[in-house]
Amino acid sequence: MTNGWVDIKNADVILVMGGNPAENHPCGFKWTVEAKRTRNAKLVVVDPRFTRTASVADVYAPIRPGTDIAFLNGLIRYALQTGRYHEEYVRIHTSGPYIVGDKYAFEDGLFSGFDPAQAEYDKSAWAYRADPKTKAYQVDPTMKHPRCTLQLLKKHVERYTPEMVERICGTPKDQFLKVAEVVTSTGNAQRVGTITYALGWTQHSVGVQMIRAAATLQLLLGNVGRPGGGVNAMRGHSNIQGSTDLAGVFDNLTGYLATPRGELTDLKTYLKAETPTTLNGAPWPTMNYWSNYPKFMVSLLKELYGDAATKENDWGYQWLAKVDGNYSWLYIYDDMYRGSSQRAGGTEPGPEGLLTFGFNPVGVGPNTSKIINALSKLKFLVVGDNYQIETATFWKAPKEYGGPDSSQIKTEVFQLPCSGFAETDGSFTNSARWLQWKWKALDPPGQAKTDQEVLARIFLAVRDLYRKEGGALPEQVLNVSWNYTDPVNPDLGEVLKEINGKAVTDLKDKDGKVIKRAGQQLDGFSQLQDDGSTSCGCWIHSGVYTEAGNNAARRGTQDPTGLGMHPDWAFSWPANRRILYNRASADAQGRPWDPTRPGIAWNGKLWVGDVPDILPNSPPGQYGAFIMNPEGVGRLFTPSLNDGPFAEHYEATEAAIENPLHPKVTSSPVTVRFHSNKDVYGTRDQFPVVCTTYRLTEMYHYWTHHTNELNQLQPGFFIEIPEELAREKGITNGSRARVTSARGSIEGVAMVTRRLRQLTIDGKRVWHIGFPLHWGYEGDPKHVGPLANFLTPSAMDPNTWTPEFKTFLVRLEKAS
Amino acid sequence: MTADGLEIRQSSASVWGSATELRNLKVVSKLIDTTTCIGCKACEVACQEWNDLHIVPTTQTGTYQTMPSLDANYWNLIKFREVEESGFFAWLLRKDGCMHCADPGCLKACPAPGAIVQYQNGIVDVNPEACIGCKMCETGCPFDIPRYSAKTDKMAKCTLCVDRVQVGLEPACVKACPTGCLEFGDKAELVAVAKARVEQLKQNGFTQAALYDPPGVGGTTVITVLAHGDHPEWYGLPKDPQVPVAVSLWKNVARPLAALAIAGSFFAMVAHYLSFGPKTPKEGAEKPKGDKPA
Amino acid sequence: MKRRMFLKGAAAAGAAVGIGFDMSRARAEMRQFKIARTTETRSICPYCAVACGVIIHTLGDKAKNVRPTVVHVEGDPDAPTNRGTLCPKGATLKYDIDNPNRILTPKVRRPGSDHWEEISWDEAVQGIARHIKSTRDRTFVAKNAKGQTVNRTPGLAVVGGCTDTNEFNFLQWKFISALGVAYRDSQARV
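Each value, and the rule that gives it
- Residues numbered from 1 in each chain as written.
- Chains lettered and ligands numbered in written order.
- Predicted model: local features only at pLDDT ≥ 70, side-chain atom pairs only at ≥ 80, totals over all residues.
- Helix = DSSP H or I, 4+ residues; strand = E, 2+ residues; numbered from the N terminus.
- Buried ≥ 20, exposed ≤ 12 C-beta atoms within 10 Å, placed from the backbone.
- Contact = placed C-beta atoms within 7 Å.
- Nonpolar A, V, L, I, M, F, W, Y, C, P; charged D, E, K, R; others polar.
- Pairing = 2+ DSSP bridges.
- Right-handed = clockwise from strand over helix to strand, strands pointing away.
- Domains from an automatic or database assignment.
- Axes fitted to C-alpha atoms, helices over the stretch in contact; angles between N-to-C directions.
- Parallel < 35°, antiparallel > 145°, perpendicular 65-115°, else oblique.
- Left-handed = near helix turned anticlockwise from the far one by under 90°.
- Expected span 1.5 Å × (residues − 1).
- Arc of directions from axis to C-beta.

## Overview of the overall build of chain C
- For chain C, the helix and strand inventory stands at five helices and nine strands.
- Order of helices (α) and strands (β) in chain C, N terminus to C terminus: α-β-β-β-α-α-β-β-α-β-β-β-α-β.
- Buried residues in chain C amount to 60% of all 190 residues.
- For chain C, contacts bridging at least 24 residues in sequence account for 37% of all contacts bridging at least 6.

Written as structure tokens, this is what we have:
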């Protein structure tokens, strides 16, 4: 989230799309209701299903799953055509005036720079036009230049007329126009609107571009950085934000530093490749905060390797594993299944051992059968959890999932009882980036141990083996710091201190005055150094545990601005800032666009209000509002994504129709398909029904089907089917129906409803159905159910490699 | 904290009134704003958890609704209804549960002394110690709320978490409610809140929005905001609920007579009459059973 | 006679004679307030990323001889986001903490077997450590096909859920770094 949950109460319009907060984030949704009650705010819901969020919406519009870009581009077009956008904001805070280089073009569904052989774009084709001498970007403050990003955007979305939106999305024109009118009512200084989304956007082969389109719309409307505005990802799990922040995914180290690649053979090369260059251009130069990259990276290495990290040995950079290519979710199981992988032109083994903590790959999917068969090839599997999850017992999965007989599975499986949330302290980072400390209430039951103790015991045992026996590059194992008072059961407060960072040697300011003694906790990331004098486990979290104590444990309830920022409650990264890009909440002179809802304001000497997202004493005009972008402004045109600088509508990998905009390029040209015998993809002639998956209020992922009080509320798997389709298929409410995709087939209770309707797409009748994903073969036998991801494909977004769970093709029939 | 409870306004099977009126206590209220209910069921299970009720076995039958109707172990139930009329479609969600009527039919119908009491703060409570499991309260309730438990041979229903209210806390359902569609407080204040909400709804195009606080039962402690106030039946609410005439008859006429009677056989006769008399039809109470939850 | 008993007797008598019995002098029987003396611990709901503040009520006063068991979980009214409210999942957290389906002992399923065997923590940890070491030593890639130093262990993969603490995540990243794991991903991706 750029903003936060409570901040939604400041909005005049809340657009919910690609999310269903009333069902999946009920306590966060209260602030939408609050805005409705106190500001008479309008809730606009665009969703394939009439959800519980839609049930309290002011405006609801149906949409075919996976076509959100067409809808959003339609909104952008509407805003630009009607002038209902915040022109002054666009001029000063976005790349609207920036002029794009001559190589950029878009034709027949393809952007320039496409390499059909590799199915990749050469992104240099999308560069801004730079001054040949100074390399500075060129801009046209009038935004009339035909090659400025605003004009190019206008041209790009020209095709997305309300009629085209109806043709692609199935949203009746009048309903689309109603949405457009309400949403664009915030395209000015007086009003502000927010967009909240979730996995309904991320889990598509065009997921990132959906979010990009939403961000573009919000920038045009002048809603980014303002209280009540923003582009707000409602994240799914309690610490999914923290997991992403702390190197949970293969391509990141902590704090979104890049995992080094094979060709970046030493630290200098790595830092040169990863640190963006500041290109000074009008209207404002940028802070380019990422220019501090070396400080973040060296401090991280210093934390990871402690005393072993020296300037001479590149702070231990060589011990970090380097990647060649993609090691993300789908590749893990693809390589595991095939037993090998192609890396840097050679062949390497695939995973032979897998450790998973608090995670259920068999349930999570996609393409369950492939995952179960991949796990069957492992030599060993370690599952740490509270419950017996499907992954731990994959070797006795029901036969319909197509796994081998257990006697044929050579995997040694360890099931380790771990702790629940109440049985350990530690912090979770919520969707609003708040690190909130929790306290331990009781011990884990039986022989169960805290996750950190289990992990520490395994680590220490491995380290002992390397100490005694040596082996492959023992330094990599032995040099990792593990300096806890109790190494077997690390104190999580000590770990949070490491994450915050400390002075390794005395830290002096530019006048030579000592500001931190060696060993003292740092105040924040602005104190980090690239000379080994500071260590820091995650630069964006720095400030969470200072000499003042554990700031994540703060419980001050004050709200001095009345805008729901609560600066003394826990700690919000970065720097306890509650609204990202808040410099954009004020105009060129530093005056809030709306004085009743100021983000920050310039008082002549300082920025006051929220923690400013700019140097606190830098006068208006010194720096652009988007300090993390080298161009210093919000991007209407995004040259860094893998699938194009503007969002374009493409059909899902399993396409329900031929793309009406460019039939030759129906699906995204850069999405990857896998090629094992388990990777089959359906076509619309065999599988004519569009299907999507989702979650329910009453259930949490694959976890709560172990809790019978919640099973009571949602006792089992069901399939939601539009009334008219059910009638055609002879399916009655409460009877059983079967859904089949190219990968599998599952059966469940039919829920026949008018909340899903037939859609008319490109003149043809298109049906869509859906089902929730919470069940599996473990848990109470009365509440087991099919694994929804048996049906979902190994398809993914080309930027995030997140699987396309939300749109695929199926066949529906009455179950016999 | 057992005995010095809340002041009693009236009690079942009591002849000459039972109000102590020792203390001046305000009437509490629970406001249900159906226009902001998201059907999340937090109220359902927060109630069940606080009151340590047993799990009710359920199966998926093609609805989001947890179970067909209330249960002795389930005192709050959100009713899910799809309503469609001439191009207008709504998914109406309303928490069903005891309304804590000012003029409680259950209390009037109850023959067991002290089994149903109304506190001075408006809460109507079943005292399991005194309940004899005769189900008479069912017949008196125009909202189809009290449920019989064969396991305990007692009736059960929402107590408005009287144990929490007594120590100054809100009921568990209200505390949990994520959107604040449930509110708890002084009735006069909540009626004002509800009326303001109704006005807002009217301005937003729901011209028939209304507050449901039916006079036929003397008003209710639980009051409900409806966007479609002209169609309470869309929400499973009776249009004009009344305490069944026969029950009033029993309470106000027959029972004082009974008090004078000596023979137990008279009670049997009255009981028989009650069992068959008031049960069908329930005047003014369109029983919501049989309509299709969705 | 205790008041309770008196009420019971009165009810029975009333039922028996079938006449109204004036209760006006008695007060109502009420349930004991069940969290009057519990220990309150502030925590955060482990489910979605709204991260509601919760208060866990455990039995006992933390004296040495008391085994704290959870009796109730309720929203933290101070928490700015949820202000005491909870969704149905949060409202049933008591049953997640005190759940009969929790696994309580380490177990192993041997290759080709069709059942679990209980093992000690020591056996489990040593067995896993041995697997990790032998897999790492066997599959370690010091240099890639282009001759660049990569120091990775393709034989090992580590994936993690997103309901564990930041501190665990950081420890896990140290663990991953120590083993040279490149195949690592989490719920955040999917």
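## What to know about the interface of chain C and chain A
- With 105 residues of chain C at the contact, the number on the chain A side is 141 residues.
- The dominant element in the side of chain C that touches chain A, judged by the number of residues it contributes, is helix α4 (residues 121-139) of chain C, at 14 residues.
- Residues that form the side of chain C that touches chain A fall into these classes: 53 nonpolar, 32 polar and 20 charged.
- Two strands pair when backbone bridges link them, and strand β14 (residues 412-417) of chain A and strand β4 (residues 107-109) of chain C are joined in this way by three bridges, in the antiparallel orientation. Following the sheet pairing, A:V413 is matched in β4(C) by C:R109.

## Focus on the pairing of strand β8 (residues 156-160) of chain C
- The buried fraction of β8(C) amounts to five of the five residues, a majority that puts the element mostly inside the structure.
- Covered by surrounding structure in β8(C) are C:L156, C:V158 and C:G160 together with C:A157 and C:V159, the residues of both alternating faces.
- Pairing of strand β12 (residues 353-357) of chain A with β8(C), which is carried by five bridges, proceeds in the parallel orientation. In the sheet register, A:T356 faces β8(C), and the bridge partner there is C:V159.
- Sheet topology places β8(C) next to strand β9 (residues 183-186) of chain C; four bridges connect them, and they run parallel. Bridge pairing in β9(C) places C:V158 opposite C:R184.
- Between the parallel pair β8(C) and β9(C), the chain is carried across by helix α5 (residues 166-179) of chain C, and the sense of this crossover is right-handed.

## Things to note about the domain arrangement of chain A
- Annotation of chain A at the domain level lists domain 1 (6-97 + 145-236), domain 2 (297-322 + 433-577) and domain 3 (689-814).
- With centres defined by C-alpha atoms, the gap from domain 2 of chain A to domain 3 of chain A works out at 42 Å.

## Here's the deal with the domain arrangement of chain C
- Here the domain parsing of chain C yields domain 1 (1-30), domain 2 (39-97) and domain 3 (140-190).
- Relative placement of domain 2 of chain C and domain 3 of chain C: their C-alpha centres are 33 Å apart.

## Some points on the packing of helix α13 (residues 329-338) of chain A against helix α15 (residues 368-375) of chain A
Residues and elements named next belong to chain A.
- Their axes nearest at 8 Å, the elements α13 and α15 cross at an angle of 55°. Here α13 lies oblique to α15, going by the angle between them. Seen from above, α13 lies across α15 with left-handed handedness. Residues Y333, M336 and Y337 of α13 form the contact with α15, whose own contacting residues are K370, I371, N373 and A374.

## Focus: helix α16 (residues 451-469) of chain A
- Taking 1.5 Å per residue, 19 residues should reach 27 Å; α16(A) reaches 27 Å between its end C-alpha atoms and fits that length.
- Every buried residue of α16(A) is accounted for by A:D451, A:Q452, A:V454, A:L455, A:A456, A:R457, A:I458, A:F459, A:V462, A:L465 and A:Y466.

## A closer look at the packing of α16(A) against α5(C)
- The geometry of α16(A) relative to α5(C) is characterised by a closest axis approach of 10 Å and an angle of 15° between their N-to-C directions. Taken together, the axes of α16(A) and α5(C) are roughly parallel relative to one another. Where α16(A) crosses over α5(C), the handedness of that crossing is left-handed. Across from A:D451, A:Q452, A:L455, A:A456 and A:F459 in α16(A), the residues of α5(C) making contact are C:E167, C:F168, C:L171, C:Q172, C:F175 and C:A178.

## Some thoughts on helix α6 (residues 187-203) of chain B
All names here are of chain B.
- Here α6 spans 24 Å end to end across 17 residues, near enough to the 24 Å set by a 1.5 Å rise per residue.
- Listed in full, the buried residues belonging to α6 are K187, L190, A194, R197, V198 and L201. Along the long axis of α6, the arc covered by the buried residues comes to 105°, so they all point the same way. Facing away from the buried side of α6, by more than 90 degrees, are the exposed residues A188, A192, A196, E199 and Q203.

## Thoughts on the sheet that holds strand β1 (residues 8-11) of chain B
Residues and elements named next belong to chain B.
- Read from one edge to the other, the open sheet built from three strands follows the order β1-β5-β6, with strand pairing classed as antiparallel. Only two strands of the sheet have a single partner each, and these edge strands are β1 and β6 (124-126). If you compare each strand with its neighbour and ignore which way they point, the axes differ by 25° on average.
- Bridge analysis of strand β5 (residues 116-119) against β6 gives three bridges, and the strand direction is antiparallel. Directly across from Q118, in β6, lies its bridge partner V124.

## Focus on unusual backbone geometry
All names here are of chain A.
- With an omega dihedral of 0°, the bond running from G365 to P366 counts as a cis peptide bond.
- With respect to the secondary-structure elements, P366 resides in the loop between α14 (361-364) and α15.
- The peptide bond linking W573 to P574 adopts the cis configuration, its omega dihedral lying at -10°.
- Mapping P574 onto the fold places it in the loop between β23 (571-572) and β24 (600-602).
- Despite not being glycine, N576 has its phi angle at roughly 65°, a positive value.

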